[in-house]
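# Close look at the chain arrangement
Next come the chains, spelled out residue by residue.
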Amino acid sequence: MDWDALSAACPQCNRCELSDTRHNVVFGVGPRDAEILFVGEGPGEQEDLKGEPFVGPAGQLLDEMLSIIGLGRHNCYIANIVKCRPPHNRDPLETEQEACMPWLRIQAKLLRPRIIVCLGRIAAMKLIKEDFKITREHGQWFEKGGIWFTALYHPSALLRDPGKRPETFRDLKTLQAKVLEVCPDPAKYDVIS
Ligand code: SF4
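Heads up: these notes are all about the structure in this document. All values reported here derive from a predicted model rather than from experimental measurement.

On to the site of the ligand. In the region of the ligand, 14 residues are neighbours, and Cys13, Cys16, Ser19, Cys84 and Cys100 sit closest. For the shell around the ligand, a count of residues per class yields nine nonpolar, two polar and three charged.

Given below as structure tokens:
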């Protein structure tokens, strides 16, 4: 399946019950050749209404965080584990995550990213390891199949607890260093060494 077929098929999906209450399938944004993929857990209210990931206050904070290290929607791809909003912003159920993962797997196959950054616990548990502990293991690196994985606190968690921001700043610096290390053309990311 290519990008055009994928982006046409995904909005028709009703593989799980989240299709009953969504306004929009939040497919993902960014260049289709991005080497860095950010993955959150699922759309919130604003994302559901606009059909774009991370557009509410948490999204604004994410944009600000990424701009510190020369990253953003212009050079990274941003998606979620589930593409439809869980009601009342609850965590996506395991069954919903499993139903939706094939879409993300195809996106990742087409992108072939060098780095995948999980935003929050749910994405890290799904993509890095089941027992991932975000408080202990954020900012650490895991290599799987030639792709480098890490996790940051979800921007919503940083809005709730600004005391976590210094740790996240350090994690962003390790991400910046990893971009310099593994992306063939770091100049593409405005990374200042
Ligand atoms: S969350 Fe994913 S699997 Fe469920 S209906 Fe939406 S696109 Fe389909």
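Bringing the sheet that holds strand E2 (residues 77–80) into the picture now. Strand order in this open sheet of five strands is E2-E1-E3-E5-E4, and the pairing throughout is mixed. Every other strand in the sheet has two partners, leaving E2 and strand E4 (142–144) as the edge strands with one partner each. The sheet shows a mean angle of 25 degrees between the axes of neighbouring strands, direction not considered. One ladder, built from four bridges, connects strand E1 (residues 36–40) with E2; its direction is parallel. Note on E2: the bridge partner recorded for Val39 is Ala79. Contacts from helix H8 (residues 165–182) reach E1, strand E3 (115–119) and strand E5 (147–152), with the element oriented near 165 degrees to E5.

With 18 residues, H8 should cover 26 Å at 1.5 Å per step; its first-to-last C-alpha distance of 25 Å lies within 8% of that length. Listed as buried for H8 are Asp171, Leu175 and Val179. With its buried residues spanning 90 degrees around the axis, H8 presents them on a single face. Across H8 from its buried face, at more than 90 degrees, point the exposed residues Pro166, Phe169, Arg170 and Glu181. Contacts from the buried residues of H8 go to E1, E3 and E5.

Thresholds, definitions, all that
Residues numbered from 1 in each chain as written. Predicted model: local features only at pLDDT ≥ 70, side-chain atom pairs only at ≥ 80, totals over all residues. Near = placed C-beta within 6 Å. Nonpolar A, V, L, I, M, F, W, Y, C, P; charged D, E, K, R; others polar. Pairing = 2+ DSSP bridges. Helix = DSSP H or I, 4+ residues; strand = E, 2+ residues; numbered from the N terminus. Axes fitted to C-alpha atoms, helices over the stretch in contact; angles between N-to-C directions. Contact = placed C-beta atoms within 7 Å. Expected span 1.5 Å × (residues − 1). Buried ≥ 20, exposed ≤ 12 C-beta atoms within 10 Å, placed from the backbone. Arc of directions from axis to C-beta.

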